[in-house]
Amino acid sequence: MKKKEIGEFLYRFYRKRTSSFLAHVYKASITGDSRDIHRARLDVKRIFALYGLFEMLDPAIFKHRGGYKLFRPLYRQAGKIREIQVNYILLANPLPHTFECSSFTLWLKEEEHNAASKFLLMVKKFKEAELTDTDKMIEKICHCSSIFKLRSKTMAYIIDKAEQVKDLQLNQPDEDDIHKIRKTLKAMATISTLVYSVKSGKWLDQVITSLNKTEMMIGDWHDRVVLKKSIERFLAENRNVPEPELHSLNLLKQTLTDYNLNLVQHFMPEVKAVVETVLTI
């Protein structure tokens, strides 16, 4: 694609995402359905990926207004709802035992209801006029000369992120470090995939292939970390849990811990390989 075509493609791609977000978020405000809230959150994830691309082209684009600040409260609140939904999925297929968790499930449903109510209040406060202002800034970026440097800027971005992951791996990474690694790999994969759709290339193809499998493995680890923390918070807030359920939840916590230790042993070598792939291509 030529410069003008690339710019127009990116801008139309971005507007499609924001239009989808507005449709889902306003539908959610009517239905209150967690699935609609999750769809709106997925739209925001894609918008954030695009913001990362636009910042790559112009680091100062969101310095004074617009950008992430507009969506972040909604995104974080929707994330809390999504975490509860993932907890339900994991509880429906516990490994390797069957667990008693009826009180915990009721607590999760109440948490989901409260989180959804807060999300709907945030929707009412969403400033669509600020989104329109941001659209105008992004349209200018999409049609500027720096679009020609898209591939070289992408390579620099990916290499910088790979160096960040390498630094996090120097010592024995804890949960916070692994979470940072996951977010960094996700950002690398998202930007790489997006730019590849505009300007394909062998280098990006190799990077995307290396990233996808590893990022999914860390995603599985993160889901179980979230469930473990939810159980810990439930037990801290509820001191009169029946003994059979208390035993089950403590057993489940240990099962999740053991499973995640095994996952870490499998995916950390993969993370190292991804970093080496990026830094040696």
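As shown above, the structure is provided for reference.
Analysis parameters
- Residues numbered from 1 in each chain as written.
- Predicted model: local features only at pLDDT ≥ 70, side-chain atom pairs only at ≥ 80, totals over all residues.
- Heavy atoms only, no water.
- Helix = DSSP H or I, 4+ residues; strand = E, 2+ residues; numbered from the N terminus.
- Buried < 20%, exposed > 50% of the residue type's maximum accessible area, 1.4 Å probe, protein only.
- Contact = heavy atoms within 4.5 Å.
- Axes fitted to C-alpha atoms, helices over the stretch in contact; angles between N-to-C directions.
- Parallel < 35°, antiparallel > 145°, perpendicular 65-115°, else oblique.
- Nonpolar A, V, L, I, M, F, W, Y, C, P; charged D, E, K, R; others polar.
- Salt bridge = Lys/Arg side-chain N within 4 Å of Asp/Glu carboxyl O.
- Phe/Tyr/Trp six-rings, centres within 6.5 Å; stacked < 30°, edge-to-face > 60°.
- Lys NZ or Arg CZ within 6 Å of the ring centre and 35° of its normal.

Caption draft 1: Seen up close, the overall build of the chain. When you go through the chain residue by residue, the secondary structure sums to 9 helices and 0 strands. Sequence-ordered secondary structure for the chain, helices as α and strands as β, is α-α-α-α-α-α-α-α-α. In terms of overall dimensions, the chain has C-alpha extents of about 65 × 45 × 30 Å along its principal axes. Counting across all 281 residues of the chain, residues that qualify as buried make up 46%. Sequence separation of at least 24 residues holds for 81% of the intrachain contacts in the chain that already meet a minimum separation of 6.

Caption draft 2: Fine view of the environment of Val 198. By secondary structure assignment, the location of Val 198 is in helix H7 (residues 175–198). Using a relative accessible area of 8% as the deciding quantity, one classes Val 198 as buried.

Caption draft 3: Spatial organisation of the packing of helix H2 (residues 34–57) against H7. Two elements in contact, H2 and H7, have axes whose closest approach is 10 Å; the angle formed by their N-to-C orientations is 80°. It follows that H2 is roughly perpendicular to H7 by the angle criterion. Counted together, Lys 45, Ala 49, Leu 50, Gly 52, Leu 53 and Met 56 of H2 and Lys 186, Thr 190, Ile 191, Leu 194 and Val 195 of H7 form the full contact between these two elements. The class makeup of the residues in the contact of H2 with H7 is 7 nonpolar, 2 polar and 2 charged.

Caption draft 4: Examining the pattern of salt bridges more closely. By the definition in use, this model includes 11 salt bridges. Among the salt bridges present, the one from Lys 27 reaches Asp 36, with a minimum N-O distance of 3.6 Å. Overall, the relative accessible area of 2% leaves Asp 36 in the buried class. For the salt bridge of Lys 228 with Glu 232, the shortest nitrogen-to-oxygen distance reads 3.0 Å. With Lys 228 and Glu 232 both in helix H8 (residues 202–237) and 4 residues apart, this pair spans about one turn of that helix. Members of the salt-bridge network, linked through shared partners, are Lys 27, Asp 36 and Arg 39.

Caption draft 5: Fine view of the packing of aromatic side chains. This model, assessed by the stated rule, comprises 18 aromatic pairs. Ring pairs connect the aromatic residues Tyr 14, Phe 21, Phe 48, Tyr 51, Phe 54, Phe 62, Tyr 68, Phe 71, Tyr 75 and Phe 126, which therefore count as one cluster. We note Arg 17 situated over the ring of Phe 13; from NZ or CZ to the ring centre the distance is 5.6 Å.

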